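Structural description and commentary
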Amino acid sequence: MSFSICSIYFTLSFCLLQSATSFRQFTRVIQRDIAMYPMTSSNYSRSIVECANWCLSSSPKCEAFLYDTRDLSCHLGRGLWRNNVTTFFLNYLYSTGVFYCPTDRGFNEVAINNTRLCAFVSNTTANYTTAAGICKQNNGLLMTVKTPERINLLKALMKNVGLVYIGLDDIVQEGNFVWSDGTFLSQTEMAFFISGKPTPSNSAEDCVVFVAFYGANDVPCRLLQQYVCEFVP
């Protein structure tokens, strides 16, 4: 085995030549909102090339690695996921481009254009609190629906399901809706609600469902509904 350093469209890549006609490629990840789903393995490497070699030789599940120039540590990963935390600039993240989605736990990867989602719609019903707890037990959250692209992904997941709980409620303070990731509902995102919703000052309707073909609607949290969980490592 040997390494060659490749430049493809001005992107730095490391290529491991596996045969005369095939190779496996790592590309440096520039986006700061991308993180790696870690494996348990970590080690110290003299170079990024050595770290890449260790990833390729250690496990077929290794699809990414993080090289930390502060202590020359090499950390292996099973893929990438979107993260709200900015990657520290002294860390060098490389990947084969695989996004990790634990399909063995019932999650499904859905992609439309350049937007990806790892999620599942439940087969059973639950109230809002129970649904949120089930998502958490599966390393997930009730899905956030903040963009038109994510609405399209949710519709693709729902298929023949009429409505599902999503991760939005104003349980803590009436009128202040908060997403399951801790961010507040913006004025732009209010447009995703059905006309006339959410109901002003209605303390009985603190949780939100997404109704297929219509939009978001606030409902009582006690209602038993299907729900959609989004994978969050």
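Residues numbered from 1 in each chain as written. Predicted model: local features only at pLDDT ≥ 70, side-chain atom pairs only at ≥ 80, totals over all residues. Heavy atoms only, no water.

Per an unreviewed UniProt entry, the protein goes by the name C-type lectin domain-containing protein and belongs to Biomphalaria glabrata.

1. Observations concerning the nonpolar core
By size, the foremost hydrophobic cluster in this structure holds 25 residues, and its most contacted members are L154, V164, I166 and V228. Counting only elements with at least two residues in this core, the list comes to β9 (115-121), α3 (148-158), β11 (163-169) and β13 (207-211). It is α3 that provides the largest number of residues to this core, a total of five residues. By size, the runner-up hydrophobic cluster in this structure holds 22 residues, among which are A35, C118, A126 and F231. (Core = buried A, V, L, I, M, F, W, Y, C linked by side-chain atoms within 4.5 Å. Buried < 20%, exposed > 50% of the residue type's maximum accessible area, 1.4 Å probe, protein only. Helix = DSSP H or I, 4+ residues; strand = E, 2+ residues; numbered from the N terminus.)

2. Points about the confidence of the model for the protein
Counting all residues, the mean pLDDT for the protein is 81, and 83% of those residues have values of 70 or more. Counting interchain partners and residues more than four positions distant, the pLDDT-below-50 stretch residues 1-24 has 51 contacts. (pLDDT = per-residue confidence, 0-100. Contact = heavy atoms within 4.5 Å.)

3. Observations concerning the environment of P220
Of note, P220 is situated in the loop between β14 (215-219) and β15 (226-231). On the basis of relative accessibility, which here comes to 14%, the residue P220 falls in the buried class. Each C-alpha atom, one on P220 and one on C207, is 6.0 Å from the other, the two residues being 13 residues apart in sequence. Apart from the residues lying within four places of it in its own chain, the contact partners of P220 are Y165, A204 and E205.

4. Quick word on the state of the cysteines
In this structure the tally under the stated criterion is five disulfides. Note that C55 is cross-linked by a disulfide to C62, the S-S spacing being 1.9 Å. Judged by the sign of its S-S torsion, about -110°, the bond between C55 and C62 is left-handed. Classification of C62 by relative accessible area gives buried; the value is 0%. With its sulfur 1.9 Å from that of its partner, C135 forms a disulfide with C229. (Disulfide = S-S within 2.5 Å.)

5. Structural notes on the packing of aromatic side chains
With the rule as written, the count across this model stands at seven aromatic pairs. Between F26 and F65, the ring centres sit 5.1 Å apart and the planes meet at 70°, which makes this aromatic pair edge-to-face. Residue F26 is found in strand β3 (residues 23-28), and its partner F65 is found in strand β5 (residues 64-68); the two are separated by 39 residues along the sequence. You'll find F26 and F65 in the same group, each marked buried. Here the aromatic rings of F107 and F120 are separated by 5.0 Å at their centres, their planes lie at 70°, and the arrangement is edge-to-face. Taken together, the positions of F107 in the loop between β7 (91-95) and β8 (108-112) and F120 in strand β9 put the pair 13 residues apart, joining distant regions of the chain. We classify F107 as buried; its relative accessible area is 0%. One aromatic cluster is present, built from ring pairs that chain together Y37, F107, F120 and F231. (Phe/Tyr/Trp six-rings, centres within 6.5 Å; stacked < 30°, edge-to-face > 60°.)

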